[in-house]
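What the coordinates show
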Amino acid sequence: MKWRIIMSKIELIRVDFRMIHGQVMVKWLKATGAQIIAAVNDDIANDPFLADIYGMAAPSNVDIKVFTKDKVIDYFNNNNSDNSKVLVLFKNVKDAHYCYEKGFPMEHLQIGGLGSGPDRINVHGPITLNAEDAKLLKDMNDKGVKIEFQQVPDDSKASLDKILKKYDFGLN
């Protein structure tokens, strides 16, 4: 008898500081068909109260798994044995970069909301970027990760290359 390993299929990897919110629930779950949301953030994963709040934010037909950065790497590289479609959410670029560098399987990364602040500029609709995030994203992009900025499925996409040509983050 031949054994077949069944693995979850990552449908979307997204950075969005809001993590689980209306747009993710309604639009991205529908667009991806995801049955699981893997929320990746050490602070949330290490706080049972916060993890429960995120778990309650999803529709009843979607499972929420809250991971630390190191646990999500292990899960998707070693212990994953179900046949579900997964939407992976990172709270920030730094966490996504860390996981990629440590071996998390990532060919494509979507940037959604990154918050606002005095050092951030709007680069694609309401999506902001600062020099630190730009540097980390450029590093991933240079190593083969396709980086795109998109708020919701109906919106246009912008590549990191296009954004870096338009805005000066001191990377050239």
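Our subject is the structure listed above.
Section: a nonpolar patch on the surface
- Together, Phe49, Leu50, Ile53 and Met56 make up a nonpolar patch on the protein surface, roughly 420 Å² of accessible area in all.
- Turning to its location among the elements, Ile53 is positioned in helix H3 (residues 48-56).
- Ile53 sits in the partly exposed class, given a relative accessible area of 36%.

Some remarks on the side chain of Gln150
- Mapped onto the elements, Gln150 comes out in the loop between strand S8 (146-149) and strand S9 (158-159).
- Looking at Gln150, the relative accessible area reads 5%, which means it is buried.
- Of the polar contacts made by the side chain of Gln150, one reaches the backbone oxygen of Val152; its length is 3.2 Å.
- Dropping the residues within four chain positions of it, Gln150 is found in contact with Arg14, Trp28, Gln110, Ile111, Gly112, Ile127, Asp155, Ser156 and Lys157.

Cut-off values and rules
Counting restarts for each chain, with residues numbered from 1 along the sequence as it is written. Confidence filtering applies because this is a predicted model: local features only for residues at pLDDT of at least 70, side-chain atom pairs given and counted only at 80 or more, and all residues used for totals across whole chains, interfaces and linings. Side-chain metrics rest on all non-hydrogen atoms present in the structure, leaving aside hydrogens and water. Patch definition: residues with relative accessible area over 30% and no salt bridge; like charges joined within 9 Å; nonpolar side chains (Val, Leu, Ile, Met, Phe, Trp, Tyr) joined within 5 Å. Each accessible area value is a Shrake-Rupley result obtained with a 1.4 Å probe; residue values ignore everything except the protein chains displayed when judging cover. A carboxyl oxygen of Asp or Glu within 4 Å of a side-chain nitrogen of Lys or Arg is what we treat as a salt bridge. For helices the rule is a DSSP run of H or I covering at least 4 residues; for strands it is a run of E covering at least 2, with both sets numbered from the N terminus onward. Burial classes follow relative accessibility: with a 1.4 Å probe on protein chains only, a residue under 20% of its type's maximum area counts as buried, one over 50% as exposed, and anything between as partly exposed. Polar contacts here mean pairs of N or O atoms no more than 3.5 Å apart (in protein, one a potential hydrogen donor and the other a potential acceptor; neighbouring residues in sequence count only if both atoms are side-chain atoms). Note on contacts: a residue pair qualifies if any of its non-hydrogen atoms lie within 4.5 Å across the two residues.

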